[in-house]
Amino acid sequence: MEIIEATSDYLVDNMTGLTGSAYGVVKPLSMEELVEALRFAEAQKIGVIVIGANTGLSGATLPENGELLIDLSGWNKIIALDEATGSLTVEAGVTLNQIYDYVEAKGYFYPPDPGAKQATIGGNISTNAGGMRAVKYGVTRDYVKALQVVLIDGTILELGSINQKDSTNYDLKDLIIGSEGTLAIITKATLKVIARPQVSQSILISFDNLDLAIENVAAILKSGVRPASVEFFEREGLKYSEIYSAQQLFIEDGAAFILLTIDGNLEQVEREKEKISSVVNSFREQIELDEAQTIIAWQLRDNLAAGVQAETIAEPVDIVVPTSKITETVKYLKALAKETSLEIVTFGHAGDGNIHALILKKQLSAQLWEASLTNYLEKMYQFVNQIGGLASAEHGIGTLKRPYFIKHLDPNLYALYQRIKFAFDPEGRLNAGKKI
């Protein structure tokens, strides 16, 4: 087992600029080497953090106390596709792009669609990643059939199965999903894949303001249309993505946008297009995108966060609120930014109430940034809690949201979570200090 020095790729959070410290990095090439690394960490009484593609947005893999980092990005083999059961088995380091390319070439479809396509499936499962197609297809949890995991003491467990029903055991598989690497190390996953939709059509609609955009999303969903994805963003945030992507959106009118995709067979897509046209009103422009326009529009949407990140340090926000509260919440986020002398970019998944925001540091001094940001987040999470929202929809809790999550968590639930953590990790060495 070789331990190498942790470079800045491992020690610096790309979004916030936070810096950590690590004992070193191990890149095991086999299960035997992984277990050896765990035994070494146990002997040294040091913590362990598993690293994948480092695309997380909550500081969940940032080392804080000299932990041993176990990099599983090299575990990137696609093991098998069982077409009889629609099951794809992969190692934890396989990326989303690998999965998409593999299944699409065989006529299948893996629906979860998080923004970072270079993310590993292990990381996606650890945060129960959602993404843009969640409104119709659900989130990562809905597509995980089975997991192979390793406990902190080296015990290897097989959780779940390819069977469609199971009332035999505690559902430990679902407990691992979304646990952010605090309970066990995911080494292998069996995923559900489905038939690829015959037709996919993206539509871009512009409006004078966000209120009108969200009102029309509600009208579309009420009409019975089930978009595969429905996103909102505003022109004031779009500029960062346009610079980063070296692309321009082809609609000049409007301050707010809905970008949606409908898919299915040809008859279904045509029927849903007609419904959308009949219920959408008060818009500036509505365009059915051709293939080239679709690529540009979704690239711009995908790169909103990357565009901001390329210009300044930013604090990522990943809240979820009732869909009826989206406009109210975005207005509050913007008003609070003015009150605290901060800049903010907002966008998100209009179909499921998942609002993303980036709070920008820009030219603020480190001291003023920290004070203003803390003030902002305290008030924001209090507001979100009051309207029935949650601190994270798909990025996880990690380091960044932990204090705010715990503050608004039922103490009885918190105590139960701690007992669950102790059952898996009695010494608290697996991604310690994250989540709870």
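It should be emphasised that the depicted structure is a prediction, and the values quoted were computed from it without experimental measurement. (Residues numbered from 1 in each chain as written. Predicted model: local features only at pLDDT ≥ 70, side-chain atom pairs only at ≥ 80, totals over all residues. Heavy atoms only, no water.)

Engineer: In this structure, what is going on with the side chain of T120? I would like to understand it.
Structural biologist: Relative to the assigned elements, T120 resides in the loop between strand 7 (108-109) and helix 4 (121-127). Look at T120 and you get buried, because its relative accessible area is 7%. Residues contacting T120, with those up to four places away along its chain left out, are G52, A53, A92, G93, V94 and T95. (Helix = DSSP H or I, 4+ residues; strand = E, 2+ residues; numbered from the N terminus. Buried < 20%, exposed > 50% of the residue type's maximum accessible area, 1.4 Å probe, protein only. Contact = heavy atoms within 4.5 Å.)

Engineer: How should the environment of V144 be read in this particular structure?
Structural biologist: Secondary-structure assignment places V144 in strand 8 (residues 144-150). In this structure the C-alpha to C-alpha distance between V144 and K173, which are 29 residues apart in sequence, comes to 8.5 Å. If sequence neighbours within four positions are ignored, V144 has contacts with I125, K173, I177, T190 and L191.

Engineer: How should the nonpolar core be read in this particular structure?
Structural biologist: Buried together is how nonpolar side chains tend to be arranged in soluble globular proteins. Within the largest apolar cluster, 48 residues are counted, with the highest numbers of intra-cluster contacts made by I359, Y376, L377 and M380. Examining the composition of this core, we find that eight residues originate from one element, helix 13 (residues 366-386), more than from any other. Filtering out sequence-adjacent residues up to four positions away, Y376 remains in contact with L333, L336, A337, T340, L342, I344 and I359. Counting residues in hydrophobic clusters, the runner-up holds 31 residues, among them Y108, L147, L151 and A184. (Core = buried A, V, L, I, M, F, W, Y, C linked by side-chain atoms within 4.5 Å.)

Engineer: Got a minute to help me understand the pattern of salt bridges in this structure?
Structural biologist: When their charged atoms lie close together, side chains carrying opposite charge are able to pair. The full count for this structure, using the stated rule, is 22 salt bridges. Among the ionic pairs, D208 bridges to R284, the shortest N-O distance being 3.4 Å. Of this pair, D208 sits in the loop between strand 12 (199-207) and helix 7 (210-222) while R284 sits in the loop between helix 9 (266-279) and strand 15 (285-288), placing them 76 residues apart in sequence. A salt bridge links R301 to E231; the nearest nitrogen and oxygen atoms lie 2.8 Å apart. Of this pair, R301 sits in helix 10 (residues 291-302) while E231 is found in strand 13 (residues 229-234), placing the two residues 70 residues apart along the sequence. E231 gets classed as buried once you look at its relative accessible area, which sits at 0%. Taken together, the shared-partner salt bridges in this structure form one network comprising K45, E427 and R429. (Salt bridge = Lys/Arg side-chain N within 4 Å of Asp/Glu carboxyl O.)

Fair warning: the whole summary comes from geometry, so function is off the table for now.
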